[in-house]
Amino acid sequence: MTIQEIAALANVSPSTVSKIVNGKDKDISETTRQRVLSIIEEYNYVPYSRYRKDERRKQRLIGVILKDVYSRAGQMLRSMEQAMIPRGYNLIPRIVDGSPESIAEAVRQMQSLNISGLLICSDQDLGAYTADLNTVYITESNDFSSSQGSTFYLSLYDAGKLAAARLIGEGHTRLSCIVLKEHSSILYGAEEALRRHGEPCRMEAWHTGESMDDIIAEGGLEDCVNDSVTAVICGSPEIARAVCSYASAAGICIPHMLSVISIGDETSLKYISGGITAVELPFEEMAERAALYLLDTISQRKSAEATKSVPLSLVDRGSISPPAPAARETNILVVGSLNMDITLELSDIPVDGETQIAGGILTLPGGKGGNQAVGSGKLGGNVSMIGRLGKDPDGRLLHKSLTDNQVNVEGIEFDSVNDSGKAFVYIDRNGENTIVVYPGANLCLDGRQLVRHESLFQKSNYCLLSLEISAEAATSAIQMCRAHNVQVMLKPSAVDKLDSSLLSHIHYLIPNERELNRIIPGELPLEEKTGMLLEKGVRNVIVTLGKRGCYLRNSEHSIYFPSAPFTAVDTTGGADSFISALAVCLSQGQELIYSVVYATYAAGITVTRYGVQEALPDRKTIGIYRSDIEKMYEKIISQEKET
Ligand code: RIB
């Protein structure tokens, strides 16, 4: 029966029939309306629009509106399809950005397609748009609207709680958390777990960023992966990968020095840092369960609304271990000088009775010992210093520079007779320096002061020693290191103070070329001179070569390292920076070649700025060059393999 046939039977025009069928019949008399309706009923007429709708219903289409949660939209759709296709349903998917507007718009579009049911990824109640449509919600939040209909959820908040509880259970008390802003509920869940556990557990640091790029650019890794924390919760596998590569470049071993857990799992986590433990987020299972529930609702096997949480589970891969204070507390002890540096900028260093006019003057904390201690502290080393200062304003400033940079100063004593040491540093236009040191109180550091602080030797693994102190103090320091099994790193700045019999107790001798030539005079090549030092019992010799980099010689290696690509303005303290970075890197468990490359970069950064202690890089600064350091390291390793 067509509209024309109905119109002919009722003796009206087809447009009158159409108006009545579509409810636009205000201008039509009630008598005509009733006549047309009774013919429609008698002949069981189905208007085309409704016919089309019913046909669609027969096609059994299900609308799916998804956000790309954790990049899992593809897998979720597959799970839904696997549930639906065998039951005769097909999906019409829409991936939206997750904003309420984008979801509402997608729902409107779906409505016009006359679907049988709808699966929506949202925590907003969209009942106003879905009206009489069978709808099931899925969400990664347990904070959804209470008026919302049937909902399947897995909770990122609970995932954060589960991750924190796992770490707390392992003995961690100082956690950090890095998440995308849209996943902040992970952080809130972790904080709740810490709160519940109570002191001393706390969230020591956290970072939320709009994107992974923002997290990196805003220093999220440096904020959350440092000495103040023993474990980090990563809001996604992508964040976990970034944390692992940052930790590896910073010499932080996972899990011994840092435990790591990822919220969300993926295959790549099996293969980084020996495997990363993860909270599994079963998005696919949630999608499948929601799809099956929707089909049951459509076939009226289920009518009541349901709220169902999908349980989370932990995949343990060994990236969590108890916090290891011993490993993190590998100690560095510095025994050496503390000077106030008076630096004069000159075009040329005066010679032979010449007078030069300085272009600038700077007074800044220095001294080889002080520089090495501050350098180690800035890079996150666990460092103490034994040294001697005068009771004068310089002494107070030098002391403050140590404490400002996390150096344990229990071994620093104030001399009641002598002034603090001073160094007069001349810098020429190429950044090269010449130094005259007035030792002052430094010379009164003696063996008795070392004995007073013997406990620092007992606790230490490395002792950084330089020779602007008395020969007696230097010799005592080496003997105490020997007694307490501490590895000595010696900068032989004043060779006359070094009894050659002590060389056999030196693990790392780090001279520049001039110093090497004073220890082994003559025209022999570097390789031979360093070889002779090995014969005298030195374990490793590293000759710093300024712009040409450095040379490492030990029983296994003979390697030239290029310098880092920086332009020097003031080379003062470059070697101190090198030595402190080497010690920190080794103390954090890195192997020697990597540590030398790391030290090369630290020294390179230092000489780009005037002064020393101000110019020494901290962990954040050297972190900027992490990938360059790794590249140089890989290159040197592959060259080594070839030879
Ligand atoms: O190595 C540089 C240092 O040598 C300067 O800070 C100066 O004090 C001298 O000790």
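Note that the structure is predicted; figures quoted are calculated from it, not measured.

Criteria and cut-off values
- Residue numbers here run from 1 along each chain, matching the order of that chain's written sequence.
- In keeping with the model being predicted, local features are shown solely for residues with a pLDDT of at least 70 and side-chain atom pairs are shown and tallied solely at 80 or more, while totals for entire chains, interfaces and linings include all residues.
- Hydrogens are left out, water is left out, and the side-chain values use all remaining heavy atoms of the structure.
- Axis lines are fitted to C-alpha atoms, over the contacting stretch for helices. Their N-to-C directions set the angle, which ranges from 0 to 180 degrees.
- Segments assigned H or I by DSSP are reported as helices when at least four residues long, segments assigned E as strands when at least two residues long, and all are numbered from the N terminus.
- Left-handed describes a crossing in which the near helix is turned anticlockwise from the far one by less than a right angle; the clockwise case is right-handed.
- Residue contacts are counted whenever heavy atoms from the two residues lie within 4.5 Å of one another.
- Residue polarity follows a fixed list, in which Ala, Val, Leu, Ile, Met, Phe, Trp, Tyr, Cys and Pro are nonpolar, Asp, Glu, Lys and Arg are charged, and the others, Gly among them, are polar.
- For two strands to pair, DSSP has to find at least two bridges joining them.
- Disulfides are defined in this document as cysteine sulfur pairs within 2.5 Å.
- Only protein chains enter the area calculation, which uses a 1.4 Å probe; residues under 20% of their type maximum are buried, those over 50% are exposed, and those in between are partly exposed.
- Working definition of a nonpolar core: buried Ala, Val, Leu, Ile, Met, Phe, Trp, Tyr and Cys residues. They are joined through side-chain atoms within 4.5 Å.
- We call a residue near a given molecule or strand whenever any one of its heavy atoms falls within 4 Å of it.
- Here a polar contact is taken to be a pair of N or O atoms separated by no more than 3.5 Å, where protein atoms must pair a possible hydrogen donor with a possible acceptor and residues adjacent in sequence count only if both atoms sit in side chains.
- Calculation of accessible area relied on Shrake-Rupley with a 1.4 Å probe; when residues are assessed, cover is drawn exclusively from the protein chains displayed.
- Two rings belonging to Phe, Tyr or Trp (six-membered ring only in the last case) form a pair when the distance between their centres is within 6.5 Å. Interplanar angles under 30 degrees mark stacking, angles over 60 mark edge-to-face geometry, and anything in between is tilted.

Enquirer: Help me understand the packing of helix α22 (residues 574-587) against helix α23 (residues 592-606), please; the structure alone is not making it clear to me.
Expert: Relative placement of two packed helices is described by the angle separating their axes and the distance separating the axes. Orientation of α22 relative to α23, taken along the N-to-C sense of each, is 145 degrees, at an axis distance of 7 Å. Taken as a pair, α22 and α23 cross one another with a handedness that is right-handed. Taking contact as the criterion, the partners of G574, S577, F578, A581, L582, C585 and L586 in α22 are, on α23, L592, Y594, S595, V596, Y598, A599, T600, A602, A603 and T606. Here the contact of α22 with α23 is built from residues that sort into twelve nonpolar, five polar and no charged.

Enquirer: Hey, could you run me through the sheet that holds strand β11 (residues 307-309) in this one?
Expert: Neighbouring strands of a sheet are bound in pairs by backbone hydrogen bonds; such pairs are parallel or else antiparallel. The strand order across the open sheet formed by six strands is β2-β1-β3-β4-β5-β11, and the pairing between neighbours is parallel. Looking along the sheet, the strands with just one partner apiece sit at the ends: β2 (90-96) and β11. Across the sheet, the mean angle separating the axes of adjacent strands is 15 degrees when strand polarity is ignored. Direction of pairing for strand β1 (residues 61-67) relative to β2: parallel, over a ladder of seven bridges. The residue bridging L61 from the neighbouring strand is N90, located in β2. Contacting β1, β2, β3 (117-121) and β4 (134-139), helix α5 (residues 73-84) runs over the sheet at an angle of about 160 degrees to β1.

Enquirer: Would you explain the state of the cysteines in this entry?
Expert: Covalent bonding between the sulfur atoms of two cysteines is what defines a disulfide. This structure, assessed with the given rule, holds zero disulfides. For the unlinked cysteine C177, the closest cysteine sulfur is that of C224, found at 7.5 Å. Cysteine C244 shares no disulfide, and the gap to the nearest cysteine sulfur, in C234, comes to 6.7 Å. For C244, a relative accessible area of 4% corresponds to the buried category.

Enquirer: I tried to follow the nonpolar core on my own but got confused; where do I start?
Expert: Note that soluble globular proteins tend to have their nonpolar side chains buried in a common cluster. Grouped together as the largest cluster of nonpolar side chains are 54 residues, with contacts concentrated most on L402, M489, F561, F578 and L582. Considering each element in turn, this core owes the most residues, eleven residues, to α23. With near-sequence residues (within four places) excluded, L402 lies in contact with L338, G370, A373, V374, M385, V407, V409 and I412. V69, A159, A190 and L281 belong to the second-largest nonpolar core, a separate cluster that totals 53 residues.

Enquirer: I tried to follow the site of the ligand on my own but got confused; where do I start?
Expert: Near the ligand you find N339, D341, G366, G367, K368, N371, A423, I435, E468, T572, G573 and D576, and these make up its full shell. One of the backbone N or O atoms of G367 is found 2.9 Å from an oxygen atom in the ligand. In this structure, E468 approaches the ligand through a side-chain N or O atom, which is 2.7 Å from an oxygen atom. Coverage of the ligand by the protein chains reaches 97% of its 280 Å² of free accessible surface. Among the elements of the structure, β14 (339-345) and α15 (368-378) are those that each provide at least two residues to the shell around the ligand. In terms of residue class, the shell around the ligand is built from two nonpolar, six polar and four charged.

Enquirer: Explanation requested: the packing of aromatic side chains in the structure shown.
Expert: For any two aromatic rings, the description comes down to two numbers: the centre-to-centre distance and the angle of the planes. Taken as a whole and judged by the stated rule, the model has six aromatic pairs. Ring centres 5.9 Å apart and planes at 85 degrees place the aromatic pair F566 and Y601 in the edge-to-face group. Within this pair, whereas F566 is found in the loop between β25 (558-561) and α22, its partner Y601 is found in helix α23, the two being separated by 35 residues in sequence. Owing to a relative accessible area of 23%, F566 belongs among the partly exposed residues under this scheme. Using a relative accessible area of 4% as the deciding quantity, one classes Y601 as buried. Considering the side-chain rings of Y594 and Y633, the 5.2 Å spacing of their centres and the 80 degrees angle between planes classify their relative orientation as edge-to-face. In this pair, Y594 is assigned in helix α23 and Y633 in helix α25 (residues 626-642), connecting sequence segments 39 residues apart. Neither Y594 nor Y633 differs from the other in exposure class; each is buried. Three or more aromatic residues link up through ring pairs in this structure, and these residues are F566, Y601 and Y625.

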